[in-house]
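Listed below, chain by chain, are the residues.
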Amino acid sequence: MAFAASGGTALIRRFVSIAGMALALAGPSPAAPAASDGQTAPAQPTPATLTVLAAMSSGWVRDFNPFNEASRLPSVREFIYEPLVVFNSMYGGQPEYRLATDYAFSPDLLKLTFKLRDGVHWSDGHPFTATDVAYTFDLLRRFKALDTLDMANRVAAVEAPDSHTVVFTLKKVNTSIVFEIVRVPVVPRHVWSKVADPVTFTNDNPVGTGPMTEVTRFTPQVYVQCRNPNYWDAADLKVDCMSFPQVRDNEQLLTAAAEGRLDWFGAFLPDIERTYVAADPRHHRYWFPPGGTVAIDINLNSPNRGNRAAFRNVNFRRAVSMAVDRRAIVDIAGYGYPEVNEYASGIGRTYQDWVNPEAERQYGKYAHFDRNGAQALLAESGFRDVNGDGYIDNADGSPIAFDILVPAGWTDWVNSTQLVAESLNALGLNVRVSTAEPASWAQKLISGDYDMAINGLFPGETPHRSFDTGFHSRYSGKTRFAPTRFTDPDLDGALDAFVATIDPTGQRRAMDKVQMIVAANTPYVPLFSNPTWYEYNTTRFKGWFNADNPVARPDVFDGTPERLLHLLALEPVKAPAPKAAAPAGG
């Protein structure tokens, strides 16, 4: 996802970077071992290596700490640390049991018990037990920087009454917490208990329960993870290794994809039929099922005083929303792939059945393009050009000038952000686009060192996950998904009420209130419902999820637990048997 460079120097850089990437994409090429008599030993079978692009990077840094939100490698969770359960979001949260074989709530909904699978070992051979699970959650309690899902404030105790049973005692009823608990990566007690500082620990040689734990090669240009020698589900694992090449931007990605060097990736590709499929119509495929909301986050605690004053005025935020032409963004920047999101709360078409019509009636106009209305709203609220420089200021004369932050190389988001900035410039606001490396972008959102930024929200089994992880005060400033610093006790209460019951009527009432509060306050500017970006190459592997085989969400990104199911469904394509020699003529 990046815009192409231009000019002679850029072309030289492009040649060098792609040449280097070609070596990375080629993967490891071990020499044939020599026999003891000096003759070359028989060639070993070539490992079935899946080449994956799970994130873009300017250079890989060795960090396999599964708790590091800013800099962990994209292959750590699921592939090294297997979850207890994978909940299939494409089918309403249907459980696919992994390290656990069952879970159940107590009648009062205050205890959640998991039964663990027998015979699971860590990759170093140590048995996996309930003690490891209890230890992991105690680690989160002792080191709050690791607790990005706020478990300490929601879980009173985690106990292991025997080696295959884990009991979570909740501080209050939360019927959705099971979806969050299983997203916590369980780490081995016998390893992590010896780590002095688990927050800064880079975990260079990870020990895990997942299918791909052995790091056989690591450079800034490529790293390789191979199969866990003690994997409990080895019979279902047909892939031997996963190779993760360093790809900086879409220019490199397009070259690698078109040449067939990537097996599994997810990215916005302009005119995908021409740029990707046409290069090999038989093997180059894609599937874009609907995904989560993409929005412009507004930092209510902007480090700039003038910007902060403007951003904390709800009419300013509403005017920004009204100034954005979402249809143009989808058609121009998104090539028509995304769906326009003009819902007052940003709930998105994926959750159409949950939409609160009253929230739309009262606040829907602020989510539709209306530049004249936006200008009128700013004027009514006292925003005007005070110093005559051509840009709108606060009523007290303090200037408003801000950047919209976007990850470098994410072409569709960069182009979308540029269109947003142009819309706001046309409104009279002094706005620029600022790019940052993806890790830096994420860190700025977490630390609050930004003004506005384009971002995505988590999709989930219901709309609750998107709103909860985006706007509940427990997450504010802890992850990149909750960077607006907008908090509201009534919103927290409504989000908590949703998970305090299993009654559908009660949940709908709570979700209606959530939408009403978000719509009334406009803490962000929803743009579109992002497709789930997913492209694949059938040359070397088969078993891919697609519209004809819709097993689960298909993308390979960190944050998609279903990618573990996808990996286990893949197997190498067998080479055709050599043709028999024609019989000699008589």
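Please read all numbers here as calculations on a predicted model, not as lab measurements.

**Q** I'm lost on the sheet that holds strand β1 (residues 49-53) in this one. Help?
**A** Sheet strands pair via backbone hydrogen bonds, and the direction of the pair is either parallel or antiparallel. An order of β8-β9-β10-β1-β11-β19-β12 is seen for the seven strands of this open sheet, with the pairing classed as mixed. Each edge of the sheet is formed by a strand with only one pairing partner; in this case those strands are β8 (212-218) and β12 (284-286). Bridging between β8 and strand β9 (residues 222-227) involves five bridges; their strand directions are antiparallel. Opposite M212, over in β9, you have R227 as the bridge partner.

**Q** Explain the environment of T293 here, please?
**A** Examined against the element boundaries, T293 turns out to sit in strand β13 (residues 290-298). Since its relative accessible area comes to 7%, T293 is described here as buried. Taking the C-alpha atoms as reference points, T293 and N455, 162 residues apart in sequence, are found 8.5 Å from one another. In contact with T293, not counting residues within four places along its chain, are N341, G346, I347, N455, G456, L457, P526, F528 and S529. In terms of polar contacts, T293 uses its side chain to reach the backbone carbonyl oxygen of G346, at 3.1 Å.

**Q** Can you help me understand the packing of helix α15 (residues 489-499) against helix α16 (residues 504-521) in this one?
**A** The angle between the axes and the distance between the axes are what describe a pair of packed helices. Between α15 and α16, the shortest axis-to-axis distance is 8 Å and the interhelical angle comes to 155°. Regarding the angle of α15 to α16, the classification is roughly antiparallel. Once α15 is placed against α16, the crossing between them reads as left-handed. Between α15 and α16, the residues in contact are D490, L491, A494, L495, A497 and F498 and Q507, A510, M511, K513, V514, I517 and V518, respectively.

**Q** Whenever I open this one, the packing of helix α8 (residues 314-323) against helix α12 (residues 411-427) confuses me. Can you help?
**A** In contact at an axis separation of 9 Å, α8 and α12 are set at 115° when each is read in the N-to-C sense. Our pair here, α8 against α12, has a crossing hand that is right-handed. Contact residues: α8 offers A319, V320 and A323, while α12 offers S423, L424 and L427.

**Q** In this structure, what is going on with α12? I would like to understand it.
**A** For an α-helix the count is 3.6 residues per turn, leaving residues at separations of three or four pointing the same way. The end-to-end C-alpha distance of α12, which contains 17 residues, comes to 24 Å, matching closely the 24 Å that a straight helix rising 1.5 Å per residue would cover. In terms of burial, α12 is a largely internal element, twelve of the 17 residues being buried. Residues of α12 that are buried include every one of T411, D412, W413, V414, S416, T417, L419, V420, A421, S423, L424 and L427, and no others.

**Q** Would you mind showing me how to read the confidence of the model for the protein chain here?
**A** Any region with low pLDDT has predicted coordinates that should not be read closely. On average, residues of the protein chain carry a pLDDT of 90, and 91% of them reach 70 or more. Here residues 1-24 is a poorly scored stretch, pLDDT under 50, and it has 34 contacts once near neighbours within four places are set aside; other chains count. In the predicted structure, residues 580-586 sits below a pLDDT of 50 and forms zero contacts with residues beyond four places in sequence or in another chain.

**Q** I tried to follow the pairing of strand β6 (residues 155-162) on my own but got confused; where do I start?
**A** If a strand is regular, its side chains alternate between the two faces of the sheet. Where β6 lies against strand β7 (residues 165-170), five bridges are found, and the strand directions are antiparallel. Across the sheet, D162 pairs through a bridge with T165, a residue of β7. Between β6 and β7, which pair antiparallel and follow one another directly, the connecting turn spans two residues.

**Q** Looking at this model, I keep getting lost on the packing of aromatic side chains. Mind explaining?
**A** Here a ring pair, both rings aromatic, is described through the centre-centre distance and the interplanar angle of the planes. Under the counting rule described, the total for this entry stands at 37 aromatic pairs. Taken together, a centroid distance of 5.8 Å and an interplanar angle of 75° make the contact between F114 and F168 edge-to-face. Of this pair, F114 sits in strand β5 (residues 111-116) while F168 sits in strand β7, placing them 54 residues apart in sequence. Each member of the pair, F114 as well as F168, carries the same accessibility label: buried. Chaining the aromatic ring pairs together yields one cluster made of F87, Y97, Y103, F114, F137, F168 and F179. When the ring centre of F458 is taken as reference, the NZ or CZ atom of R465 above it lies at 4.0 Å. The ring of W354 has R508 lying over it, and the distance from NZ or CZ to the ring centre is 5.1 Å.

**Q** Mind showing me how you'd approach the sheet that holds strand β14 (residues 339-340) here?
**A** With mixed pairing, the six strands of this open sheet are ordered in space as β14-β18-β13-β17-β15-β16. The strands lining the two open edges of the sheet, one partner per strand, are β14 and β16 (430-436). Where β14 meets strand β18 (residues 524-531), two bridges bridge the pair, whose relative direction is antiparallel. Counted as the bridge partner of E339 is S529 from β18. Most of the contacts of helix α9 (residues 326-333) go to β18, to which it runs at about 35°, and overall it touches β14 and β18.

**Q** Help me understand the state of the cysteines, please; the structure alone is not making it clear to me.
**A** Here is the idea: a disulfide is a covalent bond, and it sits between the sulfur atoms of two cysteines. Enumeration over the complete set of coordinates arrives at one disulfide. Between the sulfur atoms of C226 and its disulfide partner C241 the distance amounts to 2.1 Å. Taking the sign of the S-S torsion, about 105° here, the bridge from C226 to C241 comes out right-handed. Highlighted residues: C226 in strand β9 and C241 in strand β10 (residues 241-245), separated in sequence by 15 residues.

**Q** Sorry, what's going on with the pattern of salt bridges here?
**A** Opposite charge on two side chains lets them pair, provided their charged atoms get close. All told, the structure shown has 25 salt bridges when counted by the stated rule. The partner of D263 in a salt bridge is R540, and the shortest N-O contact between them spans 2.8 Å. Placement of the pair is D263 in the loop between α5 (250-258) and β11 (264-265) and R540 in the loop between β19 (535-537) and β20 (541-542), with a sequence separation of 277 residues. On the basis of relative accessible area, R540 is assigned to the partly exposed category, the value being 32%. In this structure, D403 and R432 form a salt bridge, with 3.2 Å as the shortest nitrogen-oxygen distance.

**Q** Just to check I follow, could you spell out the environment of W441 for this structure?
**A** Looking at the element boundaries, W441 is found in helix α13 (residues 438-447). Overall, W441 belongs to the buried group, its relative accessible area being 2%. For the pair formed by W441 and R285, sequence separation is 156 residues and the distance between their alpha carbons is 30 Å. Residue contacts for W441: discarding those within four places in its chain leaves L405, V406, P407, W410, W413, A436, A453, I454, N455 and R480.

Rules of the game
Residues numbered from 1 in each chain as written. Predicted model: local features only at pLDDT ≥ 70, side-chain atom pairs only at ≥ 80, totals over all residues. Heavy atoms only, no water. Pairing = 2+ DSSP bridges. Helix = DSSP H or I, 4+ residues; strand = E, 2+ residues; numbered from the N terminus. Buried < 20%, exposed > 50% of the residue type's maximum accessible area, 1.4 Å probe, protein only. Contact = heavy atoms within 4.5 Å. Polar contact = N/O pair within 3.5 Å; in protein donor to acceptor, adjacent residues only side chain to side chain. Axes fitted to C-alpha atoms, helices over the stretch in contact; angles between N-to-C directions. Parallel < 35°, antiparallel > 145°, perpendicular 65-115°, else oblique. Left-handed = near helix turned anticlockwise from the far one by under 90°. Expected span 1.5 Å × (residues − 1). pLDDT = per-residue confidence, 0-100. Phe/Tyr/Trp six-rings, centres within 6.5 Å; stacked < 30°, edge-to-face > 60°. Lys NZ or Arg CZ within 6 Å of the ring centre and 35° of its normal. Disulfide = S-S within 2.5 Å. Salt bridge = Lys/Arg side-chain N within 4 Å of Asp/Glu carboxyl O.

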